[in-house]
Amino acid sequence: PLGGIQILNGSREFDRRDLEVLEVLSGQAATSLETARLVQRARKAEIVDIIADISHDLKNMLVPIKTGTQTLGLVFDGLCTAIESACHSGEPDDSVRQVVERALTQARRDFCWLLGSALESADRMVARTKEIVDAAHGETAPFVVQEADINESVASVVEGLALLTKGAKVELRLALDPSLPPVEFEPRQMHNALFNLVYNAVEASPAGGAVTLRTRYCPDHPDEVVVEVEDTGHGMPAHVRERAFTEEAITTKQGGTGLGTRIVASVVRRHAGSLAVDSEEGRGTTVSIRLPTTQPNDSPPASGC
């Protein structure tokens, strides 16, 4: 039972017609209550999905912070070693100064890049954490697109994963089409989608392999651009490929959840785009994202990312 209705009338007794009217009213009230309960349940389920996706992204955003911090220690040790070696080399002062200057120049360049990458990831984590708080209050971030260069977004993903690929001994290659027109997209969501794709491709590639990020413009489709992520990994079995980028997506990675591919599919769908997967076991995988250059006015609202 959802509740009860009490009807009071001191002037006369109720008859069967009154009962029939009251049954109709109580049925409508019960239907309204049940509908409200179902809507609330669906809303909670949506929020749970959002939180799951955000948590997955936060884990990915920690990668450049963690690897960057570790590399900072190695760079610092290398700097100290170089300075100590120069100071005890017994070479003329000018030679010592040149060695020290080269070491310091290299250290400054690495420190600036690593710290910049760590700070950018930290800023993204702060923004994503705010979304968790908003989701807990039943609010979702608006879907706001802006006209930008998709090549810059692709390049920023490569820069953020450079340390990971170096440790995994996987080469990251860029093949960007400079003739691409400006594209309307939501920068944060698109960065998350591309990050997930490249991260998965790197993890699927063996040492000595390569991951290529490619953008291209198709003259026969002047209102679309294509972004591709190609790896030289082990490829997908048929049952994994068929379910990739769907709600039933599965993963072959140890400890994987399949959330990354669902995030990618959600972002692409929200941008009125399409996904294609070309993969066979033993020959790698290519994921193609086709995006319209201009977003339709009825783009779906943000949810689940």
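Definitions and limits used
Residues numbered from 1 in each chain as written. Predicted model: local features only at pLDDT ≥ 70, side-chain atom pairs only at ≥ 80, totals over all residues. Heavy atoms only, no water. Helix = DSSP H or I, 4+ residues; strand = E, 2+ residues; numbered from the N terminus. Buried < 20%, exposed > 50% of the residue type's maximum accessible area, 1.4 Å probe, protein only. Contact = heavy atoms within 4.5 Å. Expected span 1.5 Å × (residues − 1). Polar contact = N/O pair within 3.5 Å; in protein donor to acceptor, adjacent residues only side chain to side chain. Salt bridge = Lys/Arg side-chain N within 4 Å of Asp/Glu carboxyl O. Pairing = 2+ DSSP bridges. Axes fitted to C-alpha atoms, helices over the stretch in contact; angles between N-to-C directions. Core = buried A, V, L, I, M, F, W, Y, C linked by side-chain atoms within 4.5 Å.

### Observations regarding the overall build of the protein
- Scanning the protein from N- to C-terminus turns up 7 helices and 7 strands.
- Ordered by position from N to C terminus, the α and β elements of the protein give α-α-β-α-α-β-β-α-β-β-α-α-β-β.
- Here the protein holds 305 residues, and 36% of them are scored as buried.
- Nonlocal contacts in the protein, meaning residues at least 24 apart in sequence, comprise 76% of its contacts between residues at least 6 apart.

### Things to note about helix α5 (residues 187-204)
- Taking 1.5 Å of rise per residue, the 18 residues of α5 would be expected to cover 26 Å, and the 26 Å separating its terminal C-alpha atoms lies within 8% of that figure.
- Burial of α5 is extensive: 14 of the 18 residues sit out of reach of the surface.
- Capping the start of α5 is the job of one residue whose side-chain oxygen sits 3.1 Å from the backbone nitrogen of R188: E186.

### Things to note about the pattern of salt bridges
- Within this structure, the stated rule accounts for 9 salt bridges.
- The closest approach of N and O atoms between R173 and E171, which form a salt bridge, is 3.3 Å.
- Taking the relative accessible area as the measure of exposure, E171 reaches 43% and is therefore partly exposed.
- Between R283 and D278 there is a salt bridge, and its shortest N-O distance comes to 2.7 Å.
- Look at R283 and you get partly exposed, because its relative accessible area is 43%.

### Details of the pairing of strand β4 (residues 210-217)
- As defined by bridge partners, strand β2 (residues 171-175) adjoins β4 across 5 bridges and the pair is classed as parallel. Bridging across to β4, E171 finds its partner in A210.
- In this structure, β4 lies alongside strand β5 (residues 224-231), joined through 7 bridges in antiparallel fashion. Following the sheet pairing, R214 is matched in β5 by E228.
- Once β4 ends, the chain turns through 6 residues before running back antiparallel as β5.

### Points about the pairing of strand β7 (residues 285-292)
- Here β7 lies mainly inside the structure; 7 of its 8 residues are buried.
- Summarising the sheet, β5 and β7 pair through 8 bridges and their orientation is antiparallel. Across the sheet, residue V229 finds its bridge partner in β7, namely V287.
- Pairing of strand β6 (residues 274-279) with β7, which is carried by 6 bridges, proceeds in the antiparallel orientation. In the strand pairing of β7, A276 is matched with S288.
- In sequence, β6 turns back onto β7 through a hairpin of 5 residues, with G282 there showing a positive phi of about 90 degrees.

### Topic: helix α3 (residues 150-160)
- Looking at α3, one finds that the buried residues are I150, N151, S153, V154, V157, V158 and G160.
- Between a side-chain oxygen at the N-terminus of α3 and the backbone nitrogen of N151 the separation is 2.9 Å; the capping residue is D149.

### Here's the deal with the sheet that holds β2
- In space, the 5 strands of this open sheet follow the order β2-β4-β5-β7-β6, with mixed pairing throughout. The open sheet has two free edges, formed respectively by β2 and β6, since each of these has just one partner strand. Each neighbouring strand pair of the sheet contributes to a mean axis angle of 15 degrees, computed without reference to strand direction.
- Sheet strands touched by α5: β2, β4, β5 and β7. Its angle to β5, the strand with the most contacts, is close to 25 degrees.

### Regarding the nonpolar core
- If you look at the biggest cluster of nonpolar residues, it comprises 38 residues, and the most contacted ones within it are I150, L161, L172, V198, V211 and L213.
- Among the secondary structure elements, those contributing two or more residues to this core are α3, β3 (183-185), α5, β4, β5, α7 (259-270) and β7.
- For this core, the leading source of residues is α5, giving 9 residues.
- When residues no more than four places from it in sequence are discounted, the contact partners of I150 are L180, V183, F185, M190, V227 and L291.
- With 7 residues, the next largest nonpolar core counts L72, A107, L114 and L163 among its residues.

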